[in-house]
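# Commentary on secondary and tertiary structure
Spelled out from the first residue to the last, the chains are:
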Amino acid sequence: MKRILLSSLFAALGVCASAQDIVLPAPNMERGSKSVVETLATRHSVREFSSRTLTPAQISDLCWAANGVARDNDHRTAPLAMNRKEIRLFAFTEEGVYEYLATENTLKQLAKGDHRKLVAGTKDFSQDFAATAPISLVMVIDFERFGSSDERAMMMGCVNAGNVSENINLYCEAVGLCTVPRATMDVDGIRSLLGLSQQQLPIMNNPVGFTANPRKVARGIYNESADQMQLIDEALAKAKAEGKHVICQVGGNWCRWCLMFADFITHNDEIAKMIDENYVYIHVDYSDNSPQALKERLGKPGRFGFPVMVVLDADGNLLHMQDSSFLENGEGYNAKYVKRFLKSWTPEAMK
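Not measured: the values here are computed from a predicted model.

## Re the nonpolar core
Counting 42 residues, the largest nonpolar core has Ile 232, Val 246, Cys 248, Val 250, Leu 298 and Leu 342 as its most contacted members. Listed by contribution, the elements that provide at least two residues to this core are helix H8 (228–242), strand S8 (245–251), helix H9 (256–266), helix H10 (269–278), strand S9 (279–285), strand S10 (308–312) and helix H12 (335–344). Counting residues per element, this core draws most heavily on H9, at 6 residues. Once you skip the residues sitting within four places of it in the chain, Val 250 turns out to touch Tyr 222, Cys 258, Val 284, Tyr 286, Leu 298, Pro 301, Phe 306, Pro 307, Val 308 and Val 310. Membership of the second largest hydrophobic core comes to 40 residues, among which are Cys 63, Ala 102, Met 139 and Phe 143.

And the structure:
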């Protein structure tokens with residue numbers, strides 16, 4: 001998916017409860033991911049992050065998975081002793097610092113600017129990689145909510161923060177994000193920045209992002225000067241003659257993830273064979289300035305990040321629109337997810 005500044009995405013998708021609050025999109029309960037067993041087997045820590053930012057939808061899903069509203073609208077996704085909800089979650093980004101309000105699924109801005117160095121550590125000891133992650137989630141034990149700050153309260157607060165951190169670790173592994181659980185941070189600096197009392201203790205943090213694993217990708221796969229409607233017509237004619245469906249990979253040469261997907265499917269023999277046997281595969285150049293007729297014909301794919309895979313039958317009927325973020329794995333694509341998508345929309349599967 002193309003990289004867009006987090007602030008501009010927030011402005012486009014956030015609904016403000018106040019001038020600083022960002023109402024996130026509803027968590028996606030149908031997001032494709034690894035199985036629980038596979039996630040447990042492959043979970044690992046990552047300490048190098050790419051500069052790619054998370055979308056508001058990805059942040060919403062991440063925060064919900066960490067400690068969002070779960071069953072009966074009263075419990076959280078992480079187990080918390082006596083359901084005191086004493087673990088507060090704060091998001092540090094390049095644009096500012098926010099508290100995640102689970103009930104409202106909202107990020108409440110508490111400070112402007114980039115304060116991720118506080119999460120990295122202190123002047124005496126810092127792990128600078130933490131300041132490069134696009135977002136860091138900081139867990140704070142609020143003993144006022146717990147109702148006590150004695151030794152047992154401290155123990156249970158630490159356990160509960162660990163539960164939230166493990167939710168983050170497992171979620172990131174399952175959906176292709178990367179993270180590492182940490183205790184290092186500037187506790188006093190964070191307290192001062194957020195106006196926390198001595199009864200509110202920053203205890204753990206998880207930097208989250210995409211792995212720094214750059215790849216060489218194809219170039220110039222989209223014919224920008226072609227009549228895109230004619231390309232689709234020609235593909236449909238070929239699909240009808242061969243008993244296939246059409247996949248339109250919608251995007252552009254400006255989109256690194258579009259080029260990377262083209263490279264990925266070309267160099268995976270099994271996937272290339274699935275496409276050749278079942279689909280006429282074309283690249284449709286698309287932007288906000290594309291003709292309205294093209295936008296409508298493709299089902300207005302600009303609602304998603306690019307590339308978007310639009311599946312048509314041989315008569316041009318829209319069968320499916322695939323959000324490519326569900327096919328990703330870290331800084332690349334997951335062959336199992338891609339094959340599952342391709343298998344689901346073949347002519348044989350649709351009989």
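## Looking at unusual backbone geometry
Across residues other than glycine, the phi torsion is negative in most instances, and most of the peptide bonds are trans. Of note, the bond from Phe 306 into Pro 307 is cis; its omega dihedral lies within 30 degrees of zero at 5°. Secondary-structure assignment places Pro 307 in the loop between helix H11 (292–297) and S10. You will see that Met 82, though not glycine, has its phi angle at about 60°, which is positive. As for its placement among the helices and strands, Met 82 is situated in the loop between helix H3 (56–67) and strand S2 (87–93). Taking the relative accessible area as the measure of exposure, Met 82 reaches 55% and is therefore exposed. Positive phi, normally seen in glycine, also occurs at Asn 83, with a value near 55°. Looking at the secondary structure, you find Asn 83 in the loop between H3 and S2.

## Some words on helix H7 (residues 187–194)
Residues Gly 189, Ile 190, Arg 191 and Leu 194 constitute the buried set of H7. Contacts from the buried residues of H7 go to S2, strand S3 (96–101), strand S4 (106–112), helix H4 (116–120) and strand S7 (200–209). Two residues or fewer past H7, Gly 195 is found with a positive phi of approximately 70°.

Conventions adopted
- In every chain, residue numbers begin from 1 and rise along the written sequence.
- Given that the model is predicted, a residue must reach a pLDDT of at least 70 before its local features are reported, and side-chain atom pairs must reach 80 or more before they are shown or counted; all residues, however, enter totals for whole chains, interfaces and linings.
- With hydrogens and water stripped out, all remaining heavy atoms of the structure feed into the side-chain values.
- Nonpolar core, defined: a set of buried Ala, Val, Leu, Ile, Met, Phe, Trp, Tyr and Cys residues in which side-chain atoms within 4.5 Å join the residues together.
- Per-residue accessibility, obtained with a 1.4 Å probe over protein chains only, is compared with the maximum for each type, and a residue is labelled buried under 20%, exposed over 50%, and partly exposed between these values.
- Numbering of helices and strands runs from the N terminus; a helix is a DSSP stretch of H or I covering at least four residues, while a strand is a stretch of E covering at least two.
- Contacts were defined at the residue level, with two residues in contact if any of their heavy atoms lie within 4.5 Å.

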